[in-house]
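# Residue-level structural notes
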Amino acid sequence: MKKVFVKTPQHTYTVYIKNELLKDVHSYLQKNKNYILISDDFIPKMYYETLTSQINIEHAYFIKAGEQSKSIDTAYSIIQKMLNDGVTKDYTLIALGGGVVGDLAGFIASIYMRGLTYVQIPTTLLAQVDSSVGGKTAVNAPTMKNAIGTYKHPSKVLIDPETLKTLDIRQFNNGMAEIIKYGLISNKTLYDELHANNINEHIDNVIATCVAIKAQIVYLDEKDQGVRQLLNYGHTIGHAIEQASKYTMLHGEAIAIGMRIMAKNQSFEDSLIQLLKQYHLPITHNFDHKLLLDIIKTDKKAHQDLLNIILVEEVGNGFVKTIKKDDIEHYLR
Ligand code: GLY
């Protein structure tokens, strides 16, 4: 088993990474507690059954799988059901699923009766390496991804890499885009390792490496004022592409294109293209630049006429650069 500690000024919690952890999930959770669960209709039922055979889940709420469920309407409808079910502040909420489930459940946990304890059990690669760790929770507004959100850390994160065996290849590669990002912004050894074809054989180590990078970044900058912005490499343009595609593109697919665009004319451009192709991630798009620019200008990372972008000139060393908003066009050309 691998353990990574996430430390912030207010909270310290543990990310546990272990094959077959789910079969033993009760040993990570408090006994005699009332649990509720949020999951989606795409997560294999056997994970839910594995949990219910070990702990007392009083109420379970299943959302429709997909980014469209990450909305204030879905959050409100679950909150209403929780109220009807008599869920009180002493319940612990379990988020079982991918990034959408985790972000939505975290958001609900942060606002329901001013806050419930919650546990992340991420079952997709993207959620395991990124979204379940670090306390960002959110739902989307129609015009902006993650527009409505909070910081609320889980009490623990339980990762069972065996769940990746039931993940379809597109979802697996979706997570690979974030792993490639970690390599580019902070770990050249990881980046180099990704070029080998045997990633599945040591995916638990890869997950632990990514979670450790994220924990270090969150420790230094919980609230996204500085170094945490590195995690947004490829995301400014990527989020715009994702939104322009009306979320038919997965997050990792859109940021793959975003990273490829930001890597233009860098020494590692060819190796990145090769890596993205290796994981069947897209490298081009057909969206109108004007549409993307309009979306980017309302980006959360924009302040008046300035925008923070993330650059990598040498693999393993990302940095933040502040540019004029209009200058992002230079990268889109
Ligand atoms: N996924 C980016 C962050 O947690 O900051």
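Before reading on, note that the structure itself is shown above.
The structure reproduced in this document is the subject of the present report.

Criteria and thresholds
- Residues numbered from 1 in each chain as written.
- Predicted model: local features only at pLDDT ≥ 70, side-chain atom pairs only at ≥ 80, totals over all residues.
- Heavy atoms only, no water.
- Salt bridge = Lys/Arg side-chain N within 4 Å of Asp/Glu carboxyl O.
- Helix = DSSP H or I, 4+ residues; strand = E, 2+ residues; numbered from the N terminus.
- Core = buried A, V, L, I, M, F, W, Y, C linked by side-chain atoms within 4.5 Å.
- Buried < 20%, exposed > 50% of the residue type's maximum accessible area, 1.4 Å probe, protein only.
- Contact = heavy atoms within 4.5 Å.
- Near = heavy atom within 4 Å.
- Polar contact = N/O pair within 3.5 Å; in protein donor to acceptor, adjacent residues only side chain to side chain.
- Areas by Shrake-Rupley, 256 points an atom, 1.4 Å probe, with all protein chains shown as cover.
- Nonpolar A, V, L, I, M, F, W, Y, C, P; charged D, E, K, R; others polar.
- Pairing = 2+ DSSP bridges.
- Axes fitted to C-alpha atoms, helices over the stretch in contact; angles between N-to-C directions.

Here the focus is the pattern of salt bridges. Applying the stated criterion across every chain yields a total of 15 salt bridges. Taking the shortest distance from any N to any O, the salt bridge between Asp-294 and Lys-290 comes out at 2.9 Å. Of the two residues, Asp-294 and Lys-290 are both situated in helix H11 (residues 289–297); the distance of four residues between them amounts to about one turn of the helix. Its salt-bridge partner being Asp-326, residue Lys-297 comes within 3.1 Å of it at the nearest N-O pair.

Below, the discussion takes up the nonpolar core. With 73 residues, the main nonpolar core has Leu-125, Ile-180, Leu-184 and Tyr-233 as its most contacted residues. Top element by residues in this core is helix H7 (residues 203–220). It accounts for 10 residues. Each residue touching Tyr-233, except ones within four places of it in the same chain, is listed here: Lys-181, Leu-184, Ile-185, Met-259, Met-262, Ala-263, Phe-268, Ile-310, Leu-311 and Val-312. Formed by 23 residues, the second largest nonpolar core is a distinct cluster that contains Val-87, Tyr-91, Leu-93 and Val-101.

Our focus in this paragraph is the site of the ligand. Taken together, Asp-130, Lys-136, Lys-214, Arg-228 and Leu-231 make up all the residues around the ligand. The separation between an oxygen atom of the ligand and a polar side-chain atom of Lys-214 is 2.6 Å. Arg-228 places a polar side-chain atom, nitrogen or oxygen, 2.8 Å from an oxygen atom of the ligand. Taken by itself the ligand offers 200 Å² of open surface, and the protein chains cover 87% of this. Residue composition of the shell around the ligand, by class: one nonpolar, no polar and four charged.

In this section: the sheet that holds strand E5 (residues 92–97). The mixed open sheet is built from seven strands, whose spatial order is E1-E2-E9-E6-E5-E3-E4. Across the chains shown, the open sheet's two edge strands, defined by having one partner strand only, are strand E1 (2–7) and strand E4 (57–63). With strand direction ignored, the average angle separating the axes of adjacent strands in the sheet is 20°. Alignment of E1 against strand E2 (residues 12–17), held across six bridges, turns out to be antiparallel.

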